[in-house]
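# Breakdown of the fold
Here's the letter readout for the chains.
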Amino acid sequence: MSEQKSIRGAFGFLYILIAIVAVGGLFSLDQEASSRPTPGPKKRPARLNPALAPITILHGAVLVDSIRGRLPQTALAISKGRIIALLRDSELETWRVAGNRFVDLGGATVVPGLVDAHAHIAGLGAQSELLQLGDAEDIFDLCARVESHLVTFKGAWLLGRGWDQSKWTGPRRTLPSSPRMLDQVTRELPSFLVRVDGHAAWANSAALARAGIVASTPDPKGGKILRDSQGQATGVLLDTAMSLVSRHIPTKDAAAAKRHMLQGLNAAAKAGLTTVHDAGMGRGELAALLQLAAEAPLPIRVYVMLGTGDAAFLDQQLALGPRVGLHGDRVTIRAVKLFQDGAMGSRGAALLQPYSDAKDSRGLLVTAPAELEARAKKAAAAGFQLCTHAIGDRANRLVIDLYQRLLSAGIRAARPRLEHAQVLSPEDLPRLAKLGIIASMQPTHATSDMRWAEARLGSARLFGAYAWQRLRQSGAVLAFGSDAPVEPIDPLQGLYAAVTRQSKAGEPTGGWLPEQRLSGLQALAAFTRGAAVASFEEQERGRIAPGQLADLTVLSGDPVALAARQPQGILGLRVAATYIRGELVKPLAE
Ligand SMILES: [Zn+2]
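Treat the numbers as computed from the prediction; the structure is a model and nothing was measured.

The next point concerns the overall build of the protein chain. The secondary structure content of the protein chain amounts to 22 helices and 25 strands. For 590 residues, the compact-globule formula gives about 25 Å, and the C-alpha radius of gyration of the protein chain, at 25 Å, lands near that figure. A principal-axis box enclosing the C-alpha atoms of the protein chain has dimensions of 85 × 55 × 50 Å. Each of the 590 residues in the protein chain was classed as buried or not, and the buried ones make up 58%. For the protein chain, long-range pairs separated by at least 24 residues make up 72% of all intrachain contacts whose partners lie at least 6 apart in sequence. Carbon and sulfur atoms provide 55% of the accessible area of the protein chain, an area that totals close to 23,200 Å². Here the protein chain contributes 67 positive and 53 negative side-chain charges, whose respective centroids are spaced 5 Å apart.

Take a look at the structure:
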């Protein structure tokens, strides 16, 4: 319903615009035609048409479209939130009429508003209040950081985030093998330290005791309690096993939920994003978001995927049906986030064949296929888009099979998404394009995982791993994001990773699996137009073109040009401003 509604809405607007054009007679909605110099004098040009006033003209800019690349024009005219014309320098003077507003961008680059197609806004906003362990050099350093944090800590539970054993230096790059080291510094304080990917956590003995986890506790469905050779829990919990402990952590109060949401929204806007697809909102998060949106215009648009953890909440949201363009067109709720497997770093990703570095393991399915199918059918029947986390080649195949079954049964499941689509078997690669499945991928995952991906997968399976270029060439739509807070929210780091497949330091030379790199324009398209397709909004957003909404990101330089010449320059770009519907974005008051 909402898809039709939004498309009809777009067409409705077009009719009005066409009517105005018929009267004004200056510009055409045909993008090619409008980019040509305006021929001859006209009677009622748009610049004088009172129906379009006031017009804002952003000029002195380098304009980079997601399809056509750098445009010959240097200015764009905006009326009622939409781009109505692209202008050359020589045309500007005629637009200087009473009421029109000129903004000189001083040579900055304007790209379509950057979108993060997969991030966790509240998780991002909560970062500043969690003990950050991403920089820990090894397990000893991690415990030392916990110990010094505790000097001033007052809470009932110690919560940390971001550790990654694969980054640790020295010989022990393995998951913790016992809770004892953590116990020594935390003593009786229950402690829960989530791994960087959010798919594993290390709990101390006090936390395990609160959860009642003992040697005989069975693994829950879709999770694993890692154990030592004696069968004792090591404190490391994978996927659904995390909730055995986390459900004992006092839930965030409404004030904290709102604070985290607000901080996350502002962080995303500051990074130059105009839209974020939130990959799984629960009851408290959605309530916080809607409350903030009711109080003031949000600094980004949020495309909500509903979390499935709370069945009653989900049922209630599904019953409301998809809701498009709430709160000044800033919030859309029309997708559901499902999970098929875990993550590769903790070997929770479901593979068709065993891990190359753990021959006894093929990972795990977080949701049983029959259960996933039931959830997917229910969400699709309610008119919601399906966005399913799938990392390993087995998980991806199961989800593609599921989508194929739904689509061929005529179930309304338009544009289903594979969230991550990280490792695909070669046979499955072309199926995305064939079935119209969106590949929602995160370029910085590749440049973080490249350190150990080959160890986990072996060289043969890398053919379908992080295979952006193969997927693109097969005709699949790529929608890029960050998965923040797993990776930084900064889309410039994503663009850089997409065009280089290198670390920020430029390693490895030439890039990891370099044939899968994207051009600057292809990468920009995945962060703009591709993401718009993934949210049914390509009629409205994702391009610098007349007729599109003026969602814009203003950068200190041109990332597409830099990608070709000096990609590291992308990391040094600054975000000068963002615009949503032609209005300069201001952060929410903190
Ligand atoms: Zn995620």
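Our next topic: the sheet that holds strand 25 (residues 583-584). Sheets are built from strands paired through backbone hydrogen bonds, the pairs being either parallel or antiparallel. Strand order in this open sheet of six strands is 3-2-7-23-24-25, and the pairing throughout is mixed. Bordering the open sheet on either side are strand 3 (69-70) and strand 25, each of which pairs with just one other strand. In the sheet, strand 23 (residues 552-555) pairs with strand 24 (residues 575-580) via four bridges, with the strands oriented antiparallel. Considered in strand 24, the bridge of Leu-552 is made with Tyr-579.

A word on unusual backbone geometry. At the junction of Ala-53 and Pro-54, the peptide bond is cis and its omega measures out at -5 degrees in the coordinates. Residue placement: Pro-54 occurs in the loop between helix 2 (31-35) and strand 1 (55-59). A cis amide bond, omega -15 degrees, links Glu-507 with the succeeding residue Pro-508. Along the polypeptide, Pro-508 turns up in the loop between helix 18 (491-500) and helix 19 (520-526). Although it is not a glycine, Asp-239 sits at a positive phi angle of roughly 45 degrees.

With that settled, consider the side chain of Glu-538. As for its placement among the helices and strands, Glu-538 is situated in the loop between helix 20 (529-534) and strand 23. Among the polar contacts listed, one links the side chain of Glu-538 to the side chain of Arg-415, at a separation of 2.9 Å. Residues contacting Glu-538, with those up to four places away along its chain left out, are Arg-415, Arg-529, Ala-532, Val-533 and Gln-548.

Once that is clear, we can look at the pairing of strand 5 (residues 82-87). Among the six residues of strand 5, six are classified as buried, and the element is accordingly described as predominantly covered. Judged from the five bridges that link them, strand 4 (residues 75-79) and strand 5 form a sheet pairing that is antiparallel. Residue Leu-76 lies in a different strand from strand 5, and its bridge partner there is Leu-86.

This next bit is on the coordination of the zinc ion. The zinc ion binds to the protein through His-118 (NE2), His-120 (NE2) and Asp-483 (OD); the donor distances cover 2.2 Å. On the primary sequence, the residues serving as donors to the zinc ion are separated as H-x1-H-x362-D. Placement of the pair is His-120 in the loop between strand 8 (114-119) and helix 3 (121-126) and Asp-483 in the loop between strand 22 (478-480) and helix 18, with a sequence separation of 363 residues. For Asp-483, a relative accessible area of 7% puts it in the buried group.

This next bit is on the pattern of salt bridges. For the structure shown, the criterion picks out 29 salt bridges. Note that Asp-401 and Arg-431 form a salt bridge whose closest N and O atoms lie 2.8 Å from each other. Here Arg-431 lies in helix 14 (residues 431-435) and Asp-401 lies in helix 13 (residues 393-408), a separation of 30 residues in the sequence. The class of Asp-401 is partly exposed, set by a relative accessible area of 27%.

Conventions adopted
Residues numbered from 1 in each chain as written. Predicted model: local features only at pLDDT ≥ 70, side-chain atom pairs only at ≥ 80, totals over all residues. Heavy atoms only, no water. Helix = DSSP H or I, 4+ residues; strand = E, 2+ residues; numbered from the N terminus. Rg over C-alpha atoms; globule rule 2.2 N^0.38 Å. Buried < 20%, exposed > 50% of the residue type's maximum accessible area, 1.4 Å probe, protein only. Contact = heavy atoms within 4.5 Å. Areas by Shrake-Rupley, 256 points an atom, 1.4 Å probe, with all protein chains shown as cover. Lys, Arg positive; Asp, Glu negative; His and termini not counted. Charge placed at Lys NZ, Arg CZ, Asp CG, Glu CD. Pairing = 2+ DSSP bridges. Polar contact = N/O pair within 3.5 Å; in protein donor to acceptor, adjacent residues only side chain to side chain. Donors = N, O, S within 2.8 Å, 3.2 Å for Na, K, Ca; no water. Salt bridge = Lys/Arg side-chain N within 4 Å of Asp/Glu carboxyl O.

By themselves these figures say nothing about function.
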